[in-house]
Amino acid sequence: MNHFPELWGRPRDDVYGPYNSSYLKSTGPKTHTQSPAVTGTSVVAVKFNGGVAIAADNLASYGSLSRFTDVKRLRVFGESAVVGFSGDVSDMQYIDRLLESIDIRENYSTHGNLLNAKNLHTYLSKVFYKRRSDFNPLWNHILVAGFDGDKKPFLSSADLLGTTYSGPHLATGFGAHLAVPILRRLFPEEKPIEEITKEDAVSALRECLKVLWYRDARSLDKYSIAIITEDGVELNEDQKLEEQSWAFAESIKGYGAQVV
Amino acid sequence: MTSIGTGYDLSNSVFSPDGRNFQVEYAVKAVENGGTAIGIRCKDGVVLAVEKIITSKLLKPGANKRIATVDRHVGIVSAGLVPDGRHFVSRARDEASSWRGVYKGPIPVSALSNRLGSYVQAYTLYSSVRPFGVTAIVGGWDSEAELAVDGQVGTGPNAGSGGKVEGAKAGGPGLYMIEPSGLYWGYYGAATGKGRQAAKAELEKLDLGSENLSLLDAVKEAARIIYVAHEDSKDKEFELEMSWISSLDGPTKGRHEEVPKELLEEAEKAAKRALEGEDEEEDEGTKSNEGERMQE
């Protein structure tokens, strides 16, 4: 025992050699907020005659680990808006609490909460842009589904940079590569939204989620789906993908121990 | 008033030799001039009602609400100085929001009342401030179901107890009244404002302690009581404003909402009818008395 309390209880330098602290970053800006940790994958959504349908699987991955399998990534806001989140789950929780506080405050006015999906999307895109400009982004890509001020179906996207775009059908993450081509084939540009029924939209989303389950290694066969119509939001959070067929896997060559 | 000229009523935070704080008592006087406000607590919910005196014909009917919502599950109505009431509500909303910030869930009505009581009491301690000129009635419903934590994404493990106690009961109605001194009690039925005496007498008749009154009946009783309490200031026009909070399987699903227009009108009609009935009885009573007298 010596007279230097800061050395007590530590490995002795004369026995173990000096501690190598070079890997500990001691200077420079904070960087851990600049990459996601626990993430959700794709969100897919389609407009149909009189509403919007939106779906996402129930998985939160920790890197490539399938960490949480009952995660609700579709969040309902007010009477008729749903936000679908992909990207960082803790940032999603932060945004969810933010929206909760807005909903409570809106209800304080005599008219109740009049914010529609379009207002919500504008607001969130500005939150994203502010945070990325502070070099402290919210690591999400979201789809906002609901109605605009004219009571027409509304679907728009916003991402961690504050970029926004909209369309009759949208997908985030891997879905942007795998689901959008399917949706474009099912619902070509010439086909007016009025000709797409709710059932068409729902079965298209199921088809997309199935393909994503086949090919996206960070996805799950359990999913949530929300259907937003004039009557409100119908949210089902424990769906399972039916009628899977892995026959196509036979034809895939070039992986693992296969001999081509 | 014995206090005048003694010098002990000039500042807050100064006791008189017989142990009174006159500024607080004057604040109570301000409350006693305000429109009557009442709250009724039943087994399946809480009703709040207020007699809103129309101070000008130029005011828009139905505007300028006197009952305010705090979070989603609490309502506050107050009698006394309206701006003081507004500030009180604003504080309540801040408290509810800060509770959510810490505990990620709605504030229990008892906890909110406790914090508001402390807040009001602090305004009796310093010479730089005056006490609140309101007595507020805080009514709400604490969810009886297990609530998700704000921002919760999953449902947790589906095996094991998860720290839950089997059969533990939680939630229910809450009704508290906070006075200018900071004093607050929980009530089955609370009344304040000008017609509080008449209103209290009516509330006592309802036998609320036995919890037999249903929420729907309480709405009608509340309307009637406000009309009864208005009898003493009949020269002034008033609007009846009512709100309610029901259990999760009731009409408002645990939220604080205005009583729907149809139900409010129905209750008002019934209240007027009940009053007229009373008047007739009284008239008949006086007539027969006169008859008796004539016989004599």
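Keep in mind the model is a prediction, meaning the values are calculated, not measured.

Asks: Any details on the overall build of chain B? Residues and values, ideally.
Replies: Of regular secondary structure, chain B possesses six helices and 10 strands. Each of the three principal axes of chain B carries a C-alpha extent, and together these read 85 × 50 × 40 Å. Taken over 296 residues, chain B has a buried fraction of 45%. Contacts in chain B between residues far apart in sequence, at least 24 positions, make up 69% of those at least 6 positions apart. Put simply, chain B shows about 15700 Å² of open surface, and 51% of that area lies on carbon and sulfur atoms. Between the centroid of the 35 positive side chains of chain B and the centroid of its 46 negative side chains there is a distance of 7 Å.

Asks: Summarise the layout of surface pockets; cite the residues concerned and give the values.
Replies: All names here are of chain B. The volume enclosed by the second largest pocket comes to roughly 470 Å³. Taken together, 24 residues form the lining of the second largest pocket, with Lys52, Ile53, Ile54, Thr55 and Arg66 sitting closest to its centre. For the lining of the second largest pocket, the secondary structure elements donating two or more residues are strand 2 (45-53), helix 2 (82-103) and strand 9 (238-246). In terms of residue count, the dominant contributor to the lining of the second largest pocket is strand 2 (three residues). Here the residues of the lining of the second largest pocket sort into seven nonpolar, seven polar and 10 charged.

Asks: Describe the interface of chain A and chain B, listing the residues and the values that go with them.
Replies: Contact with chain A, which involves 15 residues of that partner, is made by 16 residues of chain B. Of the roughly 1300 Å² buried at the junction of chain A and chain B (both faces included), carbon and sulfur atoms supply 46%. On the chain A side of the interface with chain B, the three residues burying the most area are Arg97(A), Ile104(A) and Tyr108(A), jointly 40% of the side's total. At the surface where chain A touches chain B, the tally comes to three salt bridges. Between Glu100(A) and Arg100(B) there is a salt bridge, with the nearest N and O atoms lying 3.3 Å from each other. Here chain A and chain B share eight residue pairs in polar contact (both at pLDDT 80 or more) between them. With eight residues, the single largest contributor to the side of chain A that touches chain B is helix 2 (residues 89-106) of chain A. For the side of chain A that touches chain B, the per-class residue count stands at five nonpolar, three polar and seven charged.

Cut-offs applied
Residues numbered from 1 in each chain as written. Chains lettered and ligands numbered in written order. Predicted model: local features only at pLDDT ≥ 70, side-chain atom pairs only at ≥ 80, totals over all residues. Heavy atoms only, no water. Helix = DSSP H or I, 4+ residues; strand = E, 2+ residues; numbered from the N terminus. Buried < 20%, exposed > 50% of the residue type's maximum accessible area, 1.4 Å probe, protein only. Contact = heavy atoms within 4.5 Å. Areas by Shrake-Rupley, 256 points an atom, 1.4 Å probe, with all protein chains shown as cover. Lys, Arg positive; Asp, Glu negative; His and termini not counted. Charge placed at Lys NZ, Arg CZ, Asp CG, Glu CD. 1 Å grid on protein atoms, 1.4 Å probe; cavity = no way out; pocket = protein on both sides within 12 Å on 5 of 7 lines; lining within 4 Å. Points joined across faces, edges and corners; volume = space filled by probe spheres on them. Nonpolar A, V, L, I, M, F, W, Y, C, P; charged D, E, K, R; others polar. Buried area = accessible area lost by both parts, 1.4 Å probe. Salt bridge = Lys/Arg side-chain N within 4 Å of Asp/Glu carboxyl O. Polar contact = N/O pair within 3.5 Å; in protein donor to acceptor, adjacent residues only side chain to side chain.

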